[in-house]
Amino acid sequence: MADAFNNRAVTQVVCSESHTLFLTDLGEVWGRGDNKWGQLGLGHLRSVPAASQAEMFAGKYIIEIACGIDFSLALDDSRNVYSWGRGKDGRLGNESDHNQCTPLPIPRLMSERIIHIACGASHALCVSSSGKVFSWGASSFGRLGRKVANAKAAGVPTEVALDDKISLIAAGSVTSFAYSATSATLWGWGSNQKGQLGIAGLVDYNVPQKITSMQGKVIEEIVASGTNTLIRTARPAGVYSLSSTYIDAFGHRQTKPQLTDWSKQPNRLPVDSVVQIACSPRSFMALTRAGKVWGWGDNTYGQLGCSSSGPVDLPMPLRCIEEKKVYRVACSRDDTIAVLGVIRNALGELYKPLIGQQTLADVMFCFAEGQHAQAVLYGHKIIVALRCASFARAYFKDYASGHLSPTDNVIGERHEQQEKIIDKVEIAGEDKEVTCRVLHGFMTYLYTDSLDIGSLDTAELVALMRLASRYNLPRLALMTNRKVVVFSPSTFTTDLAKGVNNPLYSDVCFIIPTLTPVVITEEEKEKEKEKEKEVAVADESVAGSTLVFASKVILATRSTYFAALFLGAGKEMRKPGEPEDIIRFDEEGIDCATLCIFLEFIYTGKLVGEAETKGDGSFTPDAAISLLSVANLYHFEALRDKCESTVQKAVDVESAAFVWASAKMAGATRLENFCLDYIATYWPDICKSEAFCMLPETDQHYLASLCTPEPIKKV
């Protein structure tokens, strides 16, 4: 399913009976399933079987999502709450019963700093940073936890009277829960007719009640769905369910409300390693630190992944994904969704092979492992410095002032190895717990923006979190905590983009001859002189040329051409006497701006700068034509395909002849053939176009010979 999200990493999944929402590491919201009420937020009411992105959130970074039976909520990093879908009973919180297929902020909550959201079947909750809980939506069964004067009042987010500071909330179909970390108290309200609140009295409660069976326990996660509730605690480590008085999801008949401790049941669930829980009206799921999923409850539709279709009374590993490593799990009434793999960045995966490799390495990380061994992990200054400002300050004297923390010592010792100078960095001192696996995890994050949490034990995760804090990497610090569902926005793309045409982060430069005189200011002249100083090339031809700076290791990683140039047949590919740290660019019609766009695409996989692009980040046809020559010269297939696709969509009668000539010059055979077919189809109009008349006479006759039985006559 990774392709369905443009290779984004999925960080959260929420399910209702008929629709599912997904949140990616880039803060995007995707949805699939029933969309009768606009609950997918796609701007229309058509149901979609495959995940589609809610484009209405463009420019916003969403950090949490939730969904009810036919409506949805989202929370962005500015702490605004958005709602969309069915408006009945005021469940959208906008004082109206109107449906909406477009996510809109809830006005009443814009003055509050919301930190968490939750949805029941047709009601919703949120909690603020000050510990206040707000509820809105359907008020039956007392699920709002407050008295409601009329239907309109139910649709206004209103504070629930709780004499406690709340930090965690959850909502079942007709139940609500709130937990205070300050007092270690769990509160519940709503329907208890089946004992789903875990308290005595099979009645409804319209004001919060203490759930005494959980008093004093440190709760990390609460999930509720239908009449089922599942709770995960940290101290003592445990997984508990609040039972029903009827045939429950385990196939047992309960005669009174009770708390089930799953660590004490046969076929014991390894509660001390459970990092995430999920439940539906029919089943329960638990995910362990090792990425294994345990399930129990109803299996009528195979939602537990086992051959039997009857209820499963006790937790059991899901054999159908036993060989997979799962990162998140979610379940609806009839389905189970497992997010496989690690916290992954698709672009970062391309840099993963570099971790610890000596290829183009120029820094060596060392630390004491055991009493006698000195472990070594090789790295690349430019990548590490782009990703971590602490290392940039240590490596580059021209960087803004600052130093590594005292426990890290850049020795300045120089090693001749593979004809390269390698700096040595010690990571030792106070952190004796820093092992090879911990350092490898640290480097994995720097190179890939990803982390394989399941490969590290608790002590190693703590050590990695300390490293992240020391080097001011808050996103990595959050990643070491498996209970955190969403993270701060990824900076991977913007970090790498800082290296484009930046002499500070370069070890190679492109030299572009200046074809026409350009008037520049004295300040610009000084900057150009500084750039030229960075290139230690005794070549008079550099003077007056434009310099564009880049990194060998990034170019070699992303392009087979540059890999061969720097690591393989470099001498054969260079002009005689040309130094290894320059690339002379003699292609006609290519300027600095075009080459920088090319480098942005190599570094980040997309266009960071907007000067030559549309507002949505895609190429303009003119920019695409300019880039074709560069993409073709350096055999960069991904960029060439993107350019050709963009241009093909823009070809019309007036431009077809010009695009054909440009494609022929750039060696873009596919685009050239496309244009020839287009010209043949619309020849009577194209032969009269201005672009055709401006072609050389030989090209005009060539096209005419293909499209007409007789050569055209001179005008």
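Criteria and thresholds
- All residue numbers refer to positions counted from 1 along the written sequence of the respective chain.
- Confidence filtering applies because this is a predicted model: local features only for residues at pLDDT of at least 70, side-chain atom pairs given and counted only at 80 or more, and all residues used for totals across whole chains, interfaces and linings.
- Hydrogens and water molecules were not included; the side-chain quantities draw on all heavy atoms of the structure.
- Scored from 0 to 100, pLDDT reflects the predictor's confidence in each residue.
- Throughout, a residue-residue contact means that at least one pair of heavy atoms, one from each residue, lies within 4.5 Å.
- Helix axes are fitted only over the stretch in contact, all axes being lines through C-alpha atoms; the angle between N-to-C directions runs from 0 to 180 degrees.
- Helix and strand labels come from DSSP, where a helix needs a run of H or I of at least four residues and a strand needs a run of E of at least two; each type is numbered from the N terminus.
- Throughout this description, any angle smaller than 35 degrees is read as roughly parallel, any larger than 145 degrees as roughly antiparallel, any in the 65 to 115 degree range as roughly perpendicular, and the remainder as oblique.
- Definitions for this section: a left-handed crossing has its near helix turned counterclockwise from the far helix by less than a right angle. A right-handed crossing has that turn clockwise.
- To qualify as a nonpolar core, a set must consist of buried Ala, Val, Leu, Ile, Met, Phe, Trp, Tyr and Cys residues joined through side-chain atoms within 4.5 Å.
- Burial classes follow relative accessibility: with a 1.4 Å probe on protein chains only, a residue under 20% of its type's maximum area counts as buried, one over 50% as exposed, and anything between as partly exposed.
- Should DSSP find at least two bridges between two strands, the strands are regarded as paired.
- For Phe, Tyr and Trp, where Trp contributes only its six-membered ring, two rings pair if their centres lie within 6.5 Å, and the inter-plane angle classes them as stacked under 30 degrees, edge-to-face over 60, or tilted in between.
- The criterion for a charge sitting over a ring is simple: Lys NZ or Arg CZ within 6 Å of the ring centre, and within 35 degrees of the ring normal.

### Quick look at the confidence of the model for the protein chain
The share of residues in the protein chain with pLDDT of 70 or more is 77%, and the mean pLDDT across the chain is 79. In the model, residues 398-421 has pLDDT below 50 throughout and makes 53 contacts with residues more than four positions away in sequence or in other chains. Ignoring residues within four places in sequence, the model shows residues 711-715, a span with pLDDT below 50, making seven contacts including any to other chains.

### Side note on the packing of helix H15 (residues 656-666) against helix H16 (residues 669-681)
Running from N to C, H15 and H16 point in directions that differ by 155°, and their axes come no closer than 8 Å. Classified by the angle between their axes, H15 and H16 sit roughly antiparallel to one another. The way H15 lies across H16 gives a crossing that is left-handed. Here Ala656, Ala657, Val659, Trp660, Ala663 and Lys664 of H15 lie close against H16, whose contacting residues are Leu671, Glu672, Cys675, Leu676, Tyr678 and Ile679.

### Here we look at the nonpolar core
Judged by nonpolar contacts, the single largest core of 96 residues is most densely connected at Phe442, Met443, Leu446, Phe510, Phe562 and Phe598. For this core, the element with the most residues is helix H12 (residues 592-604), which contributes eight residues. Sequence-distant contacts of Phe510, defined by excluding residues within four places in its chain, comprise Thr546, Leu547, Val548, Ala550, Leu555, Phe562, Ile583, Phe585, Leu595, Leu599 and Tyr634. Within the second largest apolar cluster, 25 residues are counted, among which are Val271, Val275, Ile277 and Trp294.

### Remarks on the environment of Tyr634
Secondary-structure assignment places Tyr634 in the loop between helix H13 (621-633) and helix H14 (637-650). Judged by its relative accessible area of 2%, Tyr634 is buried. Sequence-wise, Tyr634 and Thr560 are 74 residues apart; in three dimensions their C-alpha atoms are separated by 8.3 Å. Beyond its immediate stretch of four places on either side in the chain, Tyr634 contacts Phe510, Ser559, Tyr561, Phe562, Ile583, Phe585 and Phe598.

### Observations concerning the pairing of strand E1 (residues 10-15)
Of all six residues making up E1, six are buried, and the element is well covered by its neighbours. Note: E1 against strand E2 (residues 19-24), five bridges, orientation antiparallel. Pairing of Val13 across the sheet is with Phe22, part of E2. The turn joining E1 and E2, which pair antiparallel and follow one another in sequence, is formed by three residues.

### With respect to unusual backbone geometry
Here the amide bond leading from Arg235 into Pro236 is cis, since omega sits at -10°, within 30 degrees of zero. If you trace the backbone, Pro236 turns up in the loop between strand E18 (228-235) and strand E19 (238-242). Residue Glu95 is not a glycine yet carries a positive backbone phi of 60°. Summarising the element assignment, Glu95 is placed in the loop between strand E7 (81-85) and strand E8 (100-105).

### Looking at the sheet that holds strand E11 (residues 133-137)
Read across the sheet, four strands follow the order E9-E10-E11-E12 without closing on themselves; strand pairing throughout is antiparallel. Both edges of this open sheet fall to strand E9 (114-119) and strand E12 (158-159), since each of them pairs with a single strand only. Relative to E12, E11 is paired through two bridges, and the arrangement is antiparallel. Each residue of the ladder has a partner; that of Ser135, found in E12, is Thr158.

### Overview of the packing of aromatic side chains
Enumeration according to the criterion identifies 18 aromatic pairs in this entry. Measuring from ring centre to ring centre gives 5.2 Å for Trp262 and Trp296, while their planes differ by 50°; the resulting arrangement is tilted. Of this pair, Trp262 sits in the loop between strand E20 (259-261) and strand E21 (274-279) while Trp296 sits in strand E23 (residues 293-297), and the two are 34 residues apart along the sequence. Exposure class is identical for Trp262 and Trp296. Each is buried. Put simply, the rings of Phe510, Tyr561, Phe562, Phe566, Phe598 and Tyr634 touch in pairs and so form one group of aromatic residues. In this structure, Arg86 packs its charged tip against the face of Trp37, placed 4.1 Å from the ring centre.

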